[in-house]
Amino acid sequence: MIGLVAFGRFELGRLLQSWKFLAVTVGFPVIFYMLFLNDRNPGKVVDGAVPWRVYLMVSMCSFGALVAALNAGGTRISGERACGWARQLRVTPLPGWSYVTIKAVVSMLVVLPVVVLVEVVGTTFGGVHLGVATWCELTALLWVAALPFVVLGVFVGFMVNAETAYPVITMLMFVLGYFGGLFTPVDHMPQALQTMAQVLPSFHHVSLGLALLDGRAPSPAHWLVLAGYAAALGGIVIWRHRVEESRGLA
Amino acid sequence: MEGCSDVRAQPGHGETEVIGAYPAVHFTDVVFSYGAAVALDHLCLDVARGETLALLGPNGAGKSTTFSLLLGLQRPQSGTVEVLAMSPRHAMIQGRLGAMLQQGSGSGLPPGVRVATALNLVRRLYPHPTPLDVLVERTGIDALLTRQTHRLSGGEAQRVRFAMAIAGDPELIFLDEPTAAMDVEARRTFWRMIQDLSTEGHTIVFATHHLDETDHADRVVVINRGRVVADGPGATLKAAVATRRLTFVTEHADPLVLDRLEGVTDVELRGSGVALNSLDADATVRDLVRKGVSFCNLEVTGARLEEAFMALTEDGSGAEGDDR
């Protein structure tokens, strides 16, 4: 147990000391937010009755969560597996499952401040004003719903080698961002893309936030798809980890 | 064929044999194969507590697989592996084992942190770690502590990984080819550290394919093709492979004469150059003079490692293991 805490603190510290990680996870959502802010009429209505400025903040929270989760997992995990550090940890008292678990927990921990940061930008520059309870509810919702992003990051770290992890992460950031309706609302897209968005976790993530602020009950499909991604990708990671353990590679 | 036949060279060191009620390592009739390739073929191996054991063998003999099983990274297909009278994984989680694995292309260290941070993490994973200053002094890495892990050379990274292996003050230390990336000076320092750890009562098992490194062990086990082919004190094994190689130039190289020289086991001729393998170099030289064979540029060297292995594996019990 002491070991798990020590490893968690080590991982978190390492992430927060990484200049590259901070620049990407803070920079991308905030800069995109600022760029989009001047782009359209902030009062224009999207996704039913959601004002553009509200959509923009929620979608940038989703994008921030996505970027943080993918970058905390993906390239770092595949790099550590390639250089032998993950294997070195296997010959310490740390239990075998703790590497993956701590990676996921730490990714979740760094997603939270990114969501909060975008919300702060939203209320200071974006013209979004909510009650304290609604802010808290929105933050908790977007945070918990980011679990599939975190699992996706870990998944990439396990399945993709160190050289290709970075391009894969970048591609996922923009594919899930654009086609999931984080840069342009899905209902402003052609029908084919609207259909495609239904299978992307990013679409369901942002939709949960928008439904909350619009006062609608969220569709259960959102939770189902998000949980499905987390379970399926997580299952593959665990399976892969077991196979490697039995072959003495992990 | 099966079971644990004793291939120990001689039984004369009974008094140092048992420290504590159970052995540090207990390997019984272990079989491990990678698909069709048999890596360990009914391997039996016991290591007493407090012993320093060298596992000697050519590449592909099964040394790394043995370590992998000892550390619980893999499980044998049959046979039992016990470390400190429990499963290796269990002993590992209790913090009683430390290990240095063979390293591929990477450093084996976490990227993006200083050496001290990485070392402290590993220390904190153990219940009773060595204090950092003691660890640093012992391994001589004080100059590396503030360096970033990815800026270390291969030899430096290896020293840090050795420090990690002993950071938790483990009872048992497993080192798979520990000196591979070290220069001569680093090796000398390294073996001095091993000596100190051994004196303190740690059990140490290290793998090597350098015959001379077995000088640092109380006992040497030679494995080849996944079986123990020789087992005994280092000196006995060295005597068993005491073949010397004599090379010289002669005007009249007569294979019949050379072959009958005292001690000679093998003759090679290359033009006027002659190479002899001999079990008694002194006697061979005396016989050369006695028989009036002219020679110049005489050199006597130790046998090459391959020949040493051949000498050991030919008269050991490994001869039957051909049908893998």
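About the cut-offs
Residues numbered from 1 in each chain as written. Chains lettered and ligands numbered in written order. Predicted model: local features only at pLDDT ≥ 70, side-chain atom pairs only at ≥ 80, totals over all residues. Heavy atoms only, no water. Patch = residues over 30% accessible without salt bridge, like charges linked within 9 Å, V, L, I, M, F, W, Y side chains within 5 Å. Areas by Shrake-Rupley, 256 points an atom, 1.4 Å probe, with all protein chains shown as cover. Salt bridge = Lys/Arg side-chain N within 4 Å of Asp/Glu carboxyl O. Helix = DSSP H or I, 4+ residues; strand = E, 2+ residues; numbered from the N terminus. Buried < 20%, exposed > 50% of the residue type's maximum accessible area, 1.4 Å probe, protein only. Contact = heavy atoms within 4.5 Å. Pairing = 2+ DSSP bridges. Axes fitted to C-alpha atoms, helices over the stretch in contact; angles between N-to-C directions. Polar contact = N/O pair within 3.5 Å; in protein donor to acceptor, adjacent residues only side chain to side chain. Buried area = accessible area lost by both parts, 1.4 Å probe. Parallel < 35°, antiparallel > 145°, perpendicular 65-115°, else oblique. Left-handed = near helix turned anticlockwise from the far one by under 90°. Nonpolar A, V, L, I, M, F, W, Y, C, P; charged D, E, K, R; others polar. Lys, Arg positive; Asp, Glu negative; His and termini not counted. pLDDT = per-residue confidence, 0-100. Phe/Tyr/Trp six-rings, centres within 6.5 Å; stacked < 30°, edge-to-face > 60°.

**Topic: a nonpolar patch on the surface**
A cluster of nonpolar side chains, contributed by Val289, Phe295, Leu298 and Val300 of chain B, occupies part of the molecular surface with about 310 Å² of accessible area. As for its placement among the helices and strands, Leu298 of chain B is situated in strand β13 (residues 296-302).

**What to know about the environment of Glu119 of chain A**
Residues and elements named next belong to chain A. Checked against the element boundaries, Glu119 lands in helix α5 (residues 98-124). With a relative accessible area of 6%, Glu119 lands in the buried category. For the pair Glu119 and Thr170, spaced 51 residues apart in sequence, the C-alpha separation works out to 23 Å. Discounting residues that sit within four places of it in the chain, Glu119 has contacts with Met57, Cys61, Trp135, Leu138 and Thr139.

**Structural notes on the sheet that holds strand β4 (residues 78-83) of chain B**
Residue and element names in this part refer to chain B. In spatial order, the strands read β2-β1-β4; together these 3 strands make up an open sheet with antiparallel pairing. Of all strands in the sheet, those with a lone pairing partner are β2 (37-47) and β4, marking the two edges. Averaged over all pairs of adjacent strands, the angle between their axes in this sheet comes to 25°, without regard to strand direction. In this sheet, β4 lies alongside strand β1 (residues 25-34) in antiparallel orientation, the contact comprising 5 bridges. Across the sheet, Phe27 pairs through a bridge with Val81, a residue of β4. Against the sheet, helix α1 (residues 63-70) makes contact with β1, β2 and β4, and its axis sits at roughly 120° relative to β1, the strand it touches most.

**Details of the side chain of Asp287 of chain B**
All names here are of chain B. Checked against the element boundaries, Asp287 lands in helix α9 (residues 281-290). Within the structure, Asp287 has its side chain in polar contact with the backbone nitrogen of Glu262 (distance 2.9 Å). Beyond its immediate sequence surroundings of up to four residues, Asp287 is in contact with Arg260, Leu261 and Glu262.

**Digging into the interface of chain B and chain A**
Listed by partner, the interface residues are 28 residues for chain B and 24 residues for chain A. Taking both sides of the interface into account, the surface hidden between chain B and chain A amounts to around 2,200 Å²; carbon and sulfur atoms contribute 64%. Joining chain B to chain A, the criterion identifies 0 salt bridges. Linking chain B with chain A are 3 residue pairs in polar contact (both at pLDDT 80 or more). Among the elements that line the side of chain B that touches chain A, the one with the most residues is helix α3 (residues 115-124) of chain B, at 5 residues.

**Re the pairing of strand β11 (residues 264-270) of chain B**
All names here are of chain B. Pairing of β11 with strand β12 (residues 273-278), which is carried by 6 bridges, proceeds in the antiparallel orientation. Paired with Glu268 across the two strands is Ala275, which belongs to β12. Counted along the chain from β11 to the antiparallel partner β12, the turn is 2 residues long, and its residue Gly271 has a positive phi close to 65°.

**Comments concerning α3 of chain B**
The element α3 of chain B is largely enclosed, with a buried count of 7 among its 10 residues. When we look at burial in α3 of chain B, the residues that qualify are Val115, Ala118, Leu119, Asn120, Leu121, Val122 and Arg123 of chain B. Contacts from the buried residues of α3 of chain B go to α1 (2-16) and α4 (85-90) of chain A together with α4 (132-139) and α5 (154-166) of chain B.

**So, the packing of α1 of chain A against α5 of chain A**
Residue and element names in this part refer to chain A. Where α1 meets α5, the axes come as close as 10 Å, and the angle between the chain directions of the two elements is 50°. In this view, α1 runs oblique relative to α5, as classed from their interaxial angle. Here α1 runs over α5; the crossing is right-handed. In contact with Leu4, Phe7, Gly8, Glu11, Leu12, Arg14, Leu15 and Leu16 of α1, α5 contributes Ser98, Tyr99, Ile102, Lys103, Val106, Leu109 and Val110. For the contact of α1 with α5, the residue count by class is 10 nonpolar, 2 polar and 3 charged.

**So, the sheet that holds strand β7 (residues 203-208) of chain B**
Residue and element names in this part refer to chain B. As summarised here, the arrangement of the 6 strands in space is β5-β6-β7-β3-β8-β9, forming an open sheet in which the pairing is mixed. Every other strand in the sheet has two partners, leaving β5 (97-100) and β9 (227-232) as the edge strands with one partner each. Averaged over all adjacent pairs, the angle separating strand axes in this sheet is 15°, with direction ignored. In the sheet, strand β3 (residues 52-56) pairs with β7 via 5 bridges, with the strands oriented parallel. Note on β7: the bridge partner recorded for Leu55 is Ala207. Contacting β5 and β6 (172-176), α5 runs over the sheet at an angle of about 170° to β5.

**A short note on unusual backbone geometry**
All names here are of chain B. Phi is positive for His42, which is not a glycine, with a value near 55°. Looking at the element boundaries, His42 is found in strand β2. Residue Arg225 is not a glycine yet carries a positive backbone phi of 50°. Take Arg225: it is sitting in the loop between β8 (219-224) and β9. Assessed through its relative accessible area of 37%, Arg225 is described here as partly exposed.

**Some points on the side chain of Asp176 of chain B**
Residues and elements named next belong to chain B. As for its placement among the helices and strands, Asp176 is situated in strand β6. Among buried Asp, Glu, Lys and Arg side chains, Asp176 stands out as unpaired, with Lys63 the closest opposite charge at 6.4 Å. Of note is the side chain of Asp176, whose polar atom sits 2.8 Å from the side chain of Ser64. Every residue in contact with Asp176, bar those within four places of it in the chain, is listed here: Ser64, Phe67, Met100, Leu101, Gln102 and Ala207.

**Quick notes on the confidence of the model for chain B**
Residue and element names in this part refer to chain B. For chain B, per-residue confidence averages 81 on the pLDDT scale, and residues scoring 70 or more make up 85% of the total. Looking across chain B, the model is least confident in helix α10 (residues 305-315), with a mean pLDDT of 58, and most confident in α3, with 93. Prediction confidence for the complex, expressed as pTM and ipTM, is 0.79 and 0.82 respectively.

**What to know about the pattern of salt bridges**
Enumeration over the complete set of coordinates arrives at 22 salt bridges over all chains. Between Arg96 of chain B and Glu171 of chain B there is a salt bridge; the shortest N-O distance is 2.6 Å. A residue pair is termed long-range when its members are at least 10 positions apart, and Arg96 of chain B in the loop between α2 (88-93) and β5 and Glu171 of chain B in the loop between α5 and β6 qualify at 75 residues. In this structure Arg96 of chain B comes out as buried when scored by relative accessible area, which is 16%. Look at the salt bridges and you will find they share partners, linking Glu11, Arg14, Glu80 and Lys103 of chain A into a network.

**Let's talk about the packing of aromatic side chains**
Residues and elements named next belong to chain A. As enumerated under the stated definition, the model contains 20 aromatic pairs over all chains in all. With a centroid separation of 5.8 Å and 85° between ring planes, the pair formed by Phe32 and Phe36 is classed as edge-to-face. In this pair, Phe32 and Phe36 both sit in helix α2 (residues 19-37), 4 residues apart, roughly one turn of the helix. For the residue pair Phe32 and Phe36, the accessibility class agrees, reading buried in each case. Ring centres 6.0 Å apart and planes at 40° place the aromatic pair Phe36 and Phe183 in the tilted group. In this pair, Phe36 is assigned in helix α2 and Phe183 in the loop between α8 (162-179) and α9 (191-197), connecting sequence segments 147 residues apart. There is no split in this pair, since Phe36 and Phe183 are both buried. Joined through ring pairs, the aromatic side chains of Phe28, Phe32, Phe36, Phe63, Phe174 and Phe183 make up one cluster.

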